[in-house]
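Reading the structure
One-letter residues, chain by chain:
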Amino acid sequence: MIDPVSAFATATAAYNAIKRGIEIGQEIEDIASSLGRWFNACADINKADEEANNPSLFKQIVHKGSVEQEALEALIRRKKIEEQETELRTMIVYRFGINAYREMIEERKKITTNRKRLQHLQAQKRKGAVLNTILGASIIFLAYLIWAIADVVYSLMQGAEL
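Quick summary incoming for the structure in this document. (Residues numbered from 1 in each chain as written. Predicted model: local features only at pLDDT ≥ 70, side-chain atom pairs only at ≥ 80, totals over all residues. Heavy atoms only, no water.)

**Considerations on the overall build of the chain**
Rules: Numbering goes from the N terminus for both helices and strands, where a helix is a DSSP run of H or I of at least four residues and a strand is a run of E of at least two. A radius of gyration in this sense is built from C-alpha atoms; the matching globule rule multiplies 2.2 Å by the number of residues raised to 0.38.
Along the backbone of the chain there are 5 helices and 0 strands. Scanning the chain from its N terminus toward the C terminus, one meets helices and strands in the order α-α-α-α-α. Over its C-alpha atoms the chain spans a radius of gyration of 29 Å, topping by over 25% the 15 Å that the globule rule assigns to 162 residues. For the chain, the C-alpha atoms occupy an extent of roughly 100 × 40 × 20 Å along the three principal directions.

**Comments concerning the side chain of arginine 77**
Which entries qualify depends on this criterion: Per-residue accessibility, obtained with a 1.4 Å probe over protein chains only, is compared with the maximum for each type, and a residue is labelled buried under 20%, exposed over 50%, and partly exposed between these values. Between two residues, a contact is recorded if the distance between any of their heavy atoms is within 4.5 Å.
With respect to the helices and strands, the residue arginine 77 is situated in helix H4 (residues 67-96). Among the residues examined, arginine 77 registers a relative accessible area of 10% and is labelled buried. Setting aside residues up to four positions removed in sequence, arginine 77 forms contacts with Pro4, Val5, Phe8, Ile45 and Asp49.

**Concerning the nonpolar core**
In globular proteins that are soluble, nonpolar side chains generally tend to be buried together. Spelled out, the test is: Think of a nonpolar core as a cluster: buried Ala, Val, Leu, Ile, Met, Phe, Trp, Tyr and Cys residues, connected wherever their side-chain atoms sit within 4.5 Å.
With 21 residues, the main nonpolar core has Ile18, Ile22, Leu35, Trp38, Ile92 and Met104 as its most contacted residues. For this core, the elements supplying multiple residues, two or more each, are helix H1 (4-23), helix H2 (28-53), H4 and helix H5 (98-161).

**Quick notes on the pattern of salt bridges**
Here is the rule we go by: Here, a salt bridge means any Lys or Arg side-chain nitrogen found within 4 Å of an Asp or Glu carboxyl oxygen.
Applying the stated rule across the entire model yields 4 salt bridges. A salt bridge links lysine 79 to glutamate 82; the shortest N-O distance between them is 3.6 Å. Residue lysine 79 and its partner glutamate 82 are located together in helix H4, separated by 3 residues, close to a single helical turn. The exposure class of lysine 79 is partly exposed, given its relative accessible area of 43%. Here glutamate 106 and lysine 109 are joined by a salt bridge, their closest N and O atoms 3.8 Å apart. With a gap of 3 residues between them, glutamate 106 and lysine 109 both fall in helix H5, about one helical turn apart.

Here it is, written out as structure tokens:
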């Protein structure tokens, strides 16, 4: 499970690194890794929020925090990330231009789409592998069953001849 507090700390650290980099005049290539860390941390926060909305039975039983506290913390994280994103967009547009920001967002969409497509393909491959394993095991079982029946019939026929 993803820890939203750690993910938020990572996002904040990356945000601060991006902000410092832009303030001292670094090029977009120089802050790209920090941008990547920030976007990854944001994705982790979103994933943690999804997991919190669908907790496992174990977590439901042993979770001691109040629902209100958890909801408030999630809201605060989400709002702070929205503020950071707005500020980053403004800084990037101001420093590198609107086209650089648009290109970055378009590339992000392409990568997200490709990752989802790859995840879907991998899930299909896993499903196919499971089905092939079940089919193979079934064929082996049926072949053994036919062999066992044939052996019993052969033995009965041998016993009838005596």
